[in-house]
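Reading the structure
Listed below, chain by chain, are the residues.
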Amino acid sequence: MSTGPLDGAVVAVAGAAGPAGRAALLKLAEAGATVVAADADAARLAEAVDAARYAHGGATVTGDTVDLLDLDATRDWAARTEKEFGRIDGLVHLVGGWRGSATFAETDLADWELLEKLLIRTVQNTSLAFHDGLLRSECGRYLLISAAGASKPTAGNAAYAASKAAAEAWTLALGDAFRKAGGEDGPQTAASILVIKALVHDAMRAERPNAKFAGFTDAGELAEAIVGVWDKSASEVNGKRLWLTPEP
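Cut-offs used in this document
- Residues numbered from 1 in each chain as written.
- Predicted model: local features only at pLDDT ≥ 70, side-chain atom pairs only at ≥ 80, totals over all residues.
- Heavy atoms only, no water.
- 1 Å grid on protein atoms, 1.4 Å probe; cavity = no way out; pocket = protein on both sides within 12 Å on 5 of 7 lines; lining within 4 Å.
- Points joined across faces, edges and corners; volume = space filled by probe spheres on them.
- Nonpolar A, V, L, I, M, F, W, Y, C, P; charged D, E, K, R; others polar.
- Phe/Tyr/Trp six-rings, centres within 6.5 Å; stacked < 30°, edge-to-face > 60°.
- Helix = DSSP H or I, 4+ residues; strand = E, 2+ residues; numbered from the N terminus.
- Buried < 20%, exposed > 50% of the residue type's maximum accessible area, 1.4 Å probe, protein only.
- Expected span 1.5 Å × (residues − 1).
- Arc of directions from axis to C-beta.
- Salt bridge = Lys/Arg side-chain N within 4 Å of Asp/Glu carboxyl O.
- Pairing = 2+ DSSP bridges.
- Axes fitted to C-alpha atoms, helices over the stretch in contact; angles between N-to-C directions.
- Contact = heavy atoms within 4.5 Å.

A few points about empty space enclosed by the protein
- Applying the stated criterion across every chain, the model contains one cavity of 30 Å³ or more.
- Around the largest cavity sit R99, G100, S101, T107, D111, G156, A158 and A159, which together line it.
- Here the lining of the largest cavity is built from residues that sort into two nonpolar, four polar and two charged.

Encoded structure:
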C-alpha cells in the first residue's frame, strides 16, 4: 500500500487519452492518488480510465469529457473535482498537438491558429481554473509538459515552438503567483515544466522497429518523472524547467 506524498492526493490530468496520458494515469494510480482524467475524445478517454482501473484494482480513476477551450467548462470541472473529492492536489497538463513545415517560408498560419488553441489556450484555462484549488492544497502541483524546441526553435517549427514557449511563459507566471502567495515561508504550491525532446511509446516502436528515437523520452519514463515532482518540495520545483533531455 502506497504511503508516499501522493497517497490520498487528488490529481487531475488534462489530455489524458493519449499515450502520455495513459501512462500518467497508471503511475499516479499506482502511487496512491485519486486520478481525475479529462479529454475531448470520450471513447479514448474511457479506454484509458478503464486500463488504469484494471491495472490498479481499488484505485479511484474517473473520466470526464471536458472542452478545455472553454474557460467556464474548465472552471466547472475544477470545481466539481474539488467538491466531490474534498481537495485538488495537482493538474498535469498533457494536451498536445504538432504542426510543422519543410521550411520557414512555407509556414502555414492556420497551423498557428490550431496550436494556439491546443498548446496555449488550454494552459491558460486549466491554470486559471485550478489556481485557487491548488493553493488550498498542502502539496499542490501544476505540471506542464513542454518540448526542448521551445528554447531552440527550428525553421520548420516556428508555430509549434512559439506556442510551447508561450505556454512555458504562462506557467512560469503561475509559478511566480504561487511564490508570492507563499510569502516569507516560500511556496507551498508549485508550477513546473517538464521538458522533453519528443515522446516515444510502444505503438511508435512497433510502427518503426528500426528507428532509434535518439533522445526521445518514453511515455512511461515521463509518467515516472511526473510522479517524482511530488517527491520534491514546492520551493525546489516551483517556477523551474525540469529537463528530461539535455538542454539545447
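There's more to say after this.
Quick look at the packing of aromatic side chains
- All chains considered together, the criterion is met by two aromatic pairs.
- Where W77 meets F130, the ring centres are 5.1 Å apart and the plane angle is 80 degrees; that geometry is what we call edge-to-face. Within this pair, whereas W77 is found in helix α3 (residues 71-85), its partner F130 is found in helix α4 (residues 109-136), the two being separated by 53 residues in sequence.
- For W77, a relative accessible area of 1% translates into the label buried.

A few points about helix α2 (residues 42-55)
- For α2, spanning 14 residues, the distance from its first C-alpha to its last is 20 Å, which sits close to the expected 20 Å at 1.5 Å a residue.
- Within the span of α2, buried status applies to L45, A48, V49 and A52. Buried residues of α2 fall within an arc of 95 degrees about the axis and therefore sit on the same side. Exposed positions of α2 whose direction lies more than 90 degrees from the buried face are A43 and Y54.

Side note on the pattern of salt bridges
- For the structure shown, the criterion picks out 13 salt bridges.
- Between D89 and R87 there is a salt bridge, and its shortest N-O distance comes to 2.7 Å.
- By relative accessible area, which is 1% here, D89 ends up buried.
- Taking relative accessible area as the criterion, R87 reaches 35% and is therefore assigned partly exposed.
- Note that E168 is salt-bridged to R241, the shortest N-O span being 2.7 Å. Linking E168 in helix α5 (residues 158-182) with R241 in strand β9 (residues 240-243), this pair joins segments that are 73 residues apart in sequence.
- The exposure class assigned to E168 is buried, which follows from its relative accessible area of 2%.

What about the sheet that holds strand β4 (residues 90-93)?
- Pairing is parallel across the open sheet formed by seven strands, whose spatial order is β3-β2-β1-β4-β5-β6-β9. Single-partner strands in this sheet number two, and they are β3 (61-65) and β9. With strand direction ignored, the average angle separating the axes of adjacent strands in the sheet is 20 degrees.
- Packing of α2 onto the sheet brings it into contact with β2 (34-39) and β3, and relative to β3 it is tilted by some 175 degrees.
- Sheet strands in contact with helix α7 (residues 219-228) are β4, β5 (141-147) and β6 (190-196), and its direction is about 160 degrees off that of β6.

What about α3?
- In this model, α3 (15 residues) spans 21 Å end to end at C-alpha, consistent with the 21 Å of a helix rising 1.5 Å per residue.
- Taken together, the buried positions of α3 are occupied by T74, W77, A78, T81 and E82. One side of α3 holds all its buried residues, which, seen down the axis, span an arc of 120 degrees. The outward face of α3, more than 90 degrees from its buried face, is lined by the exposed residues D72, K83 and E84.

Distances and angles like these do not, on their own, reveal function.
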